[in-house]
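Chain by chain, the residues run as shown.
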Amino acid sequence: MRIDILTIFPSFFEVLDLSLVGKARQSGLLEITAHDLRDFTHDRHRTVDDTPYGGGAGMVMKPEPWGEAIDSIVGTGPSSATLVVPSPAGELFSQPIARELAAAEHLVFACGRYEGIDQRVVDHYAERMPVRLLSLGDYVLNGGEVAAMAMIEASARLVPGVIGNPESLVEESHEDGLLEYPIYTKPASWRGLEVPPVLLSGHHGEIAAWRRAQQLERTRAVRPELLD
Ligand code: 6GU
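Residues numbered from 1 in each chain as written. Predicted model: local features only at pLDDT ≥ 70, side-chain atom pairs only at ≥ 80, totals over all residues.

Per an unreviewed UniProt entry, the protein chain carries the name tRNA (guanine-N(1)-)-methyltransferase and comes from Agromyces archimandritae. The Catalytic activity (unreviewed entry) field of the UniProt record for the protein chain holds the comment "guanosine(37) in tRNA + S-adenosyl-L-methionine = N(1)-methylguanosine(37) in tRNA + S-adenosyl-L-homocysteine + H(+)". (UniProt positions renumbered as here; feature names shortened; annotations may be inferred.)

**Student:** What is the right way to look at the overall build of the protein chain in this model?
**Tutor:** A count of helices and strands for the protein chain gives 6 helices and 9 strands. Principal axes of the C-alpha set define a box for the protein chain whose edges measure 70 × 40 × 35 Å. Counting across all 228 residues of the protein chain, residues that qualify as buried make up 23%. Across the protein chain, every contact between residues at least 6 apart in sequence was considered, and the portion connecting residues at least 24 apart equals 76%. (Helix = DSSP H or I, 4+ residues; strand = E, 2+ residues; numbered from the N terminus. Buried ≥ 20, exposed ≤ 12 C-beta atoms within 10 Å, placed from the backbone. Contact = placed C-beta atoms within 7 Å.)

**Student:** I would appreciate a short explanation of the environment of Arg212 in the present structure.
**Tutor:** The topology assignment puts Arg212 in helix H6 (residues 204-222). Residues Arg212 and Leu178, 34 residues apart in the sequence, show an inter-C-alpha distance of 9.4 Å.

**Student:** Honestly, the nonpolar core in this entry has me stumped. Any pointers?
**Tutor:** For soluble globular proteins, the rule of thumb is that nonpolar side chains tend to be buried together. Counting residues in each nonpolar core, the largest one holds 39 residues, and the members touching the most others are Phe109 and Ala110. Ranked by residue count, the leading element in this core is helix H5 (residues 145-156), at 5 residues. If sequence neighbours within four positions are ignored, Ala110 has contacts with Leu6, Trp66, Ile70, Leu83, Val85 and Ile117. (Core = buried A, V, L, I, M, F, W, Y, C linked by C-beta atoms within 7 Å.)

**Student:** Looking at this structure, how should I read the site of the ligand?
**Tutor:** If you check the shell around the ligand, you find Pro86, Ser87, Pro88, Ser135, Leu136, Gly137, Tyr139, Val140, Leu141, Gly143, Gly144 and Ala147 and nothing else. Among the elements that make up the shell around the ligand, the one with the highest residue count is strand S5 (residues 82-92) (3 residues). Counted by class, the shell around the ligand contains 7 nonpolar, 5 polar and no charged residues. (Near = placed C-beta within 6 Å. Nonpolar A, V, L, I, M, F, W, Y, C, P; charged D, E, K, R; others polar.)

**Student:** How do you make sense of the UniProt feature "binding site: S-adenosyl-L-methionine" (unreviewed entry) in the protein chain when you look at a structure like this?
**Tutor:** Listed under "binding site: S-adenosyl-L-methionine" (unreviewed entry) in the UniProt record, and renumbered for this structure, are Gly112, Leu136, Gly137, Asp138, Tyr139, Val140 and Leu141. Following the sequence through the fold, Leu136 ends up in the loop between strand S7 (131-135) and H5. By the secondary structure assignment, Gly137 is in the loop between S7 and H5.

**Student:** I tried to follow the pairing of strand S6 (residues 106-110) on my own but got confused; where do I start?
**Tutor:** Each regular strand shows side chains that alternate between the opposite faces of the sheet. Counting buried residues in S6 gives 4 out of 5 residues, a clear majority hidden from the surface. Two elements, strand S1 (residues 2-7) and S6, share 5 bridges in a ladder whose sense is parallel. Within S6, the position partnered with Leu6 by the bridge is Ala110. One ladder, built from 3 bridges, connects S5 with S6; its direction is parallel. Bridge assignment links Thr82 to a residue of S6, and that residue is Leu107. (Pairing = 2+ DSSP bridges.)

**Student:** What is the right way to look at the packing of helix H2 (residues 63-74) against helix H4 (residues 119-126) in this model?
**Tutor:** Two elements in contact, H2 and H4, have axes whose closest approach is 9 Å; the angle formed by their N-to-C orientations is 30°. The pairing of H2 with H4 is recorded here as roughly parallel in orientation. In this structure, the crossing between H2 and H4 has a hand that is right-handed. Of the residues in H4, those in contact with Pro63, Trp66, Gly67 and Ile70 of H2 are Arg120, Val121 and Tyr125. When the residues that make up the contact of H2 with H4 are grouped by side-chain class, the tally is 5 nonpolar, 1 polar and 1 charged. (Axes fitted to C-alpha atoms, helices over the stretch in contact; angles between N-to-C directions. Parallel < 35°, antiparallel > 145°, perpendicular 65-115°, else oblique. Left-handed = near helix turned anticlockwise from the far one by under 90°.)

**Student:** Can you help me understand the sheet that holds strand S2 (residues 31-36) in this one?
**Tutor:** Sheets are built from strands paired through backbone hydrogen bonds, the pairs being either parallel or antiparallel. Taken in spatial order, the 5 strands line up as S2-S1-S6-S5-S7 in an open sheet, and their pairing is parallel. Of all strands in the sheet, those with a lone pairing partner are S2 and S7, marking the two edges. Strand-to-strand twist in this sheet, taken as the mean axis angle between neighbours without regard to direction, amounts to 30°. By the bridge criterion, 6 bridges tie S1 to S2 in an arrangement that is parallel. By the bridge assignment, Ile5 is partnered in S2 with Ala34. Packed on one face of the sheet, H2 meets S1, S2, S5 and S6 and runs near 165° to S6. This element, H5, spans S1, S5, S6 and S7 of the sheet and lies at about 115° to S5.

**Student:** Looking at this model, I keep getting lost on the UniProt feature "domain: tRNA methyltransferase TRMD/TRM10-type" (unreviewed entry) in the protein chain. Mind explaining?
**Tutor:** The positions UniProt marks with the feature "domain: tRNA methyltransferase TRMD/TRM10-type" (unreviewed entry) are residues 1-227. Between the C-alpha atoms that bound residues 1-227 there is a distance of 34 Å. The span itself is 30% helix and 18% strand.

**Student:** How do you make sense of the pairing of S7 when you look at a structure like this?
**Tutor:** Residues Arg132 and Leu134 point to one face of S7 and are all buried, whereas Val131, Leu133 and Ser135, pointing to the other face, are not buried. Strand direction decides the pairing type here: S5 and S7, joined by 6 bridges, are parallel. When the bridges of S7 are listed, Leu83 appears paired with Val131.

Listed below in structure tokens is the structure:
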């Protein structure tokens, strides 16, 4: 899978050298490049923003640098790449969407700052390629970078080969629509707290039933809407 990221802060993405995503890049499974949006400006101040038409607070990202930057990655005609625009006004990002992104050959992330990107950028590229506006949740970040990082990690780990043991993907929170059951390791007793005895019993059927009950109880307690 190829991932291009457009941002005024490319160094944000240096952490993608680390951990399993870093290993997958080294092995060639993932090809990730962060590009500086300011490289696609032509004025002395490398301007990427301007005041909003219609008035209001804050600044809006100008369309021209975005057009040049995205064209430099996908060309000037129709593209099979998917353009992902992190935005608090987008569709709620989720595990099923992470699976959809993981199935793509090529993702382009457009990370806006300030109040956002001129709407015509999305409108223009929607005529040339699939475009996804995606939000992490109902709170406000200063820009799309942290959100893009979360979406990249959630998607990249679902690309076959990125996670060494694919079985570890199966029993995670949200994969079956429920929260994960609590997990324990040695020692069996720690600071007066005991590991639930059923987990030491060796009865695989009872362990599976206990875990399922724990999943349901946790989900009912903190995320009841997932059970509807
Ligand atoms: Cl994708 N962007 C911004 N700026 N804020 C957010 C978000 C995205 N998701 C939640 N809050």
